[in-house]
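# Summary of the model geometry
Here is how the chains run, residue by residue.
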Amino acid sequence: MRKDDLYITVPSFFRCPISLDVMKSPVSLCTGVTYDRASIQRWLDGGNNTCPATMQILQNKDFIPNRTLQRLIEIWSDSVRRRASVEPSELAAPTRDEIADAIDRVKVEKEERFDREVLAKILRFARESDDNRGFLAGKDDFVRLLVDLMSQVDFKTTSAAKLLIVQEAVKILSMIRSKISDRRRFSNLVLNNGRDRLTTIVYFFKTGNVELKIDCAGLLEFIAVDSESKVSIAERDGLVVELMKSISRDSDSSLIEATLSCLIAISSPRRVKLNLIREKLIKDLTKLLTDPTTASVSVTEKSLKLLESLASTKEGRSEICGGDGECLKTVVKKLMKVSTAATEHAVTVLWSVSYLFKEEKALEAVTSTNGVTKILLLLQSNCSPAVRRMLTDLLKVFKVNSRSCLSAYDTKTTHIMPF
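Now for a description of the structure that goes with this document.

Conventions we followed
Residues numbered from 1 in each chain as written. Predicted model: local features only at pLDDT ≥ 70, side-chain atom pairs only at ≥ 80, totals over all residues. Heavy atoms only, no water. Helix = DSSP H or I, 4+ residues; strand = E, 2+ residues; numbered from the N terminus. Buried < 20%, exposed > 50% of the residue type's maximum accessible area, 1.4 Å probe, protein only. Core = buried A, V, L, I, M, F, W, Y, C linked by side-chain atoms within 4.5 Å. Contact = heavy atoms within 4.5 Å. Pairing = 2+ DSSP bridges. Axes fitted to C-alpha atoms, helices over the stretch in contact; angles between N-to-C directions. Lys, Arg positive; Asp, Glu negative; His and termini not counted. Salt bridge = Lys/Arg side-chain N within 4 Å of Asp/Glu carboxyl O. Phe/Tyr/Trp six-rings, centres within 6.5 Å; stacked < 30°, edge-to-face > 60°. Expected span 1.5 Å × (residues − 1). Parallel < 35°, antiparallel > 145°, perpendicular 65-115°, else oblique. Left-handed = near helix turned anticlockwise from the far one by under 90°. Nonpolar A, V, L, I, M, F, W, Y, C, P; charged D, E, K, R; others polar.

### Concerning the overall build of the chain
The secondary structure content of the chain amounts to 23 helices and three strands. Taken over 419 residues, the chain has a buried fraction of 47%.

Here it is in structure tokens:
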């Protein structure tokens, strides 16, 4: 970087109050102040029991990862690196004619002519607009050229430079996937063309950074179009284990959401459900739902939707109701005040284990968490006919007369809404 070309101003809230360096792993104390994990750990290890910035005595010394700030720092750092390595003239978004010409040259000269510079230019073009992404998805043979790049990888012999080129291809495909009109044809192109492209996507999901993992999860979700493709994806060596790692508490929030969407997409075949249950997915979903740092509305909805799917199997219901019933108790807690979708998924889980299959442990868990009262309140809300039928069925299981119970409530409760 030439000193006369670029000066970097670091946002003050990116700096650790202790070290004054840009934070690598920002964590917040109970006082709400954020520090770099290494710096605050040294402070506490030194016997201090106060917040360095406010000097308040700490009620506890727990850390909460500040993922939002960490993501902002990563985006800013990537921007700085790009500005340091790219000439100003290269930052301008290429025109449609320039992109079309580059693609046509590659088609004539074969995909070996793809280099990272060309793909980086195409990626910048795709990021510019929805119309640009549609243009790329509709360009004759362009998608096939990118998919073919993924089949030219031997992870033992392929150079690092070539792997970077293939990574760019994966990023472009992920970005334009919603504009690919024939999803089944694309899935067959990746999975059933006699050349192993799925291994490449799985490899990058295992080894890539957060952004690349999210792109790979999106592609895996997109190609899961039928039972055969879903089983092929789920049974690829090591993928399910890696997906499970990506929904841990320490994962990026966007990666957790992308991974949950991928798991939902592949989980409908029974053999996949059983595999996910064996890998303790229900336990991990319970942790997501009970952790305030991860249980966003979107994560809650997707976690409950997965539990709804797994509850259709005997093994899944056993796990959901197992132990001290923590999972089911958590589902009851999410019945209200999250979102319409979350309520519908939660009610379906309860209906499945309590009414449809009459699990005794489920009845105990629902009763112990004041679940019957919540069911009654939900019946007064503006819920869908399907949800209303399930709630009515649940009251039958608990031998509750909804009319007599409702009449005992103050008339004001008729206006209570769950959301």
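### Here's the deal with the nonpolar core
Ile-122, Leu-136, Phe-186, Leu-281, Leu-307 and Leu-328 are the most contacted members of the largest nonpolar core, which totals 108 residues. Every residue in contact with Phe-186, bar those within four places of it in the chain, is listed here: Val-143, Val-147, Leu-173, Ile-180, Leu-219, Phe-222 and Ile-223. Among the nonpolar cores identified, the runner-up in size contains 17 residues, and Phe-14, Tyr-35, Phe-63 and Trp-76 belong to it.

### Some thoughts on unusual backbone geometry
Phi is positive for Lys-358, which is not a glycine, with a value near 50 degrees. In this structure, Lys-358 sits in the loop between helix 19 (340–356) and helix 20 (360–368). Judged by relative accessible area, which is 52%, Lys-358 ranks as exposed.

### A word on the sheet that holds strand 1 (residues 26–28)
Spatially, three strands are ordered 2-1-3 in an open sheet, and the strand pairing comes out antiparallel. Each edge of the sheet is formed by a strand with only one pairing partner; in this case those strands are strand 2 (34–36) and strand 3 (64–65). Where strand 1 meets strand 2, three bridges bridge the pair, whose relative direction is antiparallel. Residue pairing in the sheet places Pro-26 in a bridge with Asp-36 of strand 2. Across the sheet, helix 1 (residues 37–45) lies against strand 1, strand 2 and strand 3, angled at about 95 degrees from strand 2, the strand it touches most.

### Regarding the side chain of Asp-215
Within the fold, Asp-215 resides in helix 10 (residues 210–223). Buried charge without a salt bridge: Asp-215, with Arg-177 as the nearest opposite-charge side chain at an N-O distance of 5.6 Å. In this structure, Asp-215 is in contact with Lys-171 and Ser-174, ignoring residues within four places of it in sequence.

### What about helix 14 (residues 270–278)?
The complete set of buried residues in helix 14 reads Val-272, Lys-273, Leu-274, Asn-275, Leu-276 and Ile-277. Buried residues in helix 14 make contact with helix 11 (227–234), helix 12 (239–245), helix 13 (253–266), helix 15 (281–290), helix 16 (297–310) and helix 17 (314–321). One or two steps after helix 14, the chain reaches Lys-280, where phi turns positive at roughly 70 degrees.

### Considerations on the packing of aromatic side chains
Applying the stated criterion across every chain, the model contains six aromatic pairs. Geometrically, the ring pair formed by Phe-14 and Trp-76 is edge-to-face, given 5.7 Å between the ring centres and 70 degrees between the ring planes. Here Trp-76 lies in helix 2 (residues 67–85) and Phe-14 lies in the segment before strand 1, a separation of 62 residues in the sequence. On the basis of relative accessibility, which here comes to 4%, the residue Phe-14 falls in the buried class. Seen from their ring centres, Trp-351 and Tyr-355 are 5.9 Å apart, and the 25 degrees between their planes marks the pair as stacked. Of the two residues, Trp-351 and Tyr-355 are both situated in helix 19; the distance of four residues between them amounts to about one turn of the helix.

### Side note on the environment of Asn-49
Its place among the elements puts Asn-49 in the loop between helix 1 and strand 3. Residues Asn-49 and Gln-59, 10 residues apart in the sequence, show an inter-C-alpha distance of 8.7 Å.

### Here we look at the pattern of salt bridges
Where charged atoms of side chains with opposite charge meet at close range, the side chains can pair. Under the defined criterion, the tally for this structure stands at 14 salt bridges. When the shortest N-O distance is used, the salt bridge between Asp-130 and Lys-179 registers 2.7 Å. Taken together, the positions of Asp-130 in helix 5 (residues 130–137) and Lys-179 in the loop between helix 7 (160–176) and helix 8 (183–191) put the pair 49 residues apart, joining distant regions of the chain. You can call Asp-130 partly exposed: its relative accessible area is 39%. You can call Lys-179 partly exposed: its relative accessible area is 32%. Measuring nitrogen to oxygen at the nearest pair gives 3.8 Å for the salt bridge that ties Glu-242 to Lys-245. With Glu-242 and Lys-245 both in helix 12 and three residues apart, this pair spans about one turn of that helix. Each of Asp-130, Arg-133 and Lys-179 takes part in salt bridges that share partners, so that together they form one network.

### Considerations on helix 10
Taking 1.5 Å per residue, 14 residues should reach 20 Å; helix 10 reaches 20 Å between its end C-alpha atoms and fits that length. Of all the 14 residues making up helix 10, 10 are buried; the element is thus mostly covered by neighbouring parts of the structure. Every buried residue of helix 10 is listed here: Leu-212, Lys-213, Asp-215, Cys-216, Ala-217, Gly-218, Leu-219, Leu-220, Phe-222 and Ile-223. Each element contacted by the buried residues of helix 10 is listed here: helix 7, helix 8, helix 9 (198–207), helix 11, helix 12 and helix 13.

### Let's talk about the packing of helix 4 (residues 116–128) against helix 7
Helix packing geometry: the angle between the two helix axes and the distance between the axes. Between helix 4 and helix 7, whose axes approach to 9 Å, the crossing angle comes to 20 degrees. Taken together, the axes of helix 4 and helix 7 lie roughly parallel to each other. Here the hand of the crossing between helix 4 and helix 7 comes out left-handed. Along the contact surface, helix 4 presents Arg-116, Leu-119, Ala-120, Ile-122, Leu-123, Ala-126 and Arg-127, while helix 7 presents Leu-164, Ile-165, Glu-168, Ala-169, Lys-171, Ile-172, Met-175 and Ile-176. Grouping the amino acids of the contact of helix 4 with helix 7 by side-chain chemistry returns 11 nonpolar, no polar and four charged.

### Some thoughts on the packing of helix 7 against helix 10
At a minimum axis distance of 9 Å, the contact between helix 7 and helix 10 shows a crossing angle of 55 degrees. On the basis of the axis angle, helix 7 is oblique to helix 10. Judged by the twist between their axes, the crossing of helix 7 over helix 10 is left-handed. Packed against helix 7, whose contacting residues are Gln-167, Val-170, Lys-171, Leu-173 and Ser-174, the element helix 10 presents Leu-212, Asp-215, Cys-216 and Leu-219 at the interface. Looking at side-chain class alone, the contact of helix 7 with helix 10 contains five nonpolar, two polar and two charged residues.

In short, the description is geometric, and any link to function would need to be established separately.
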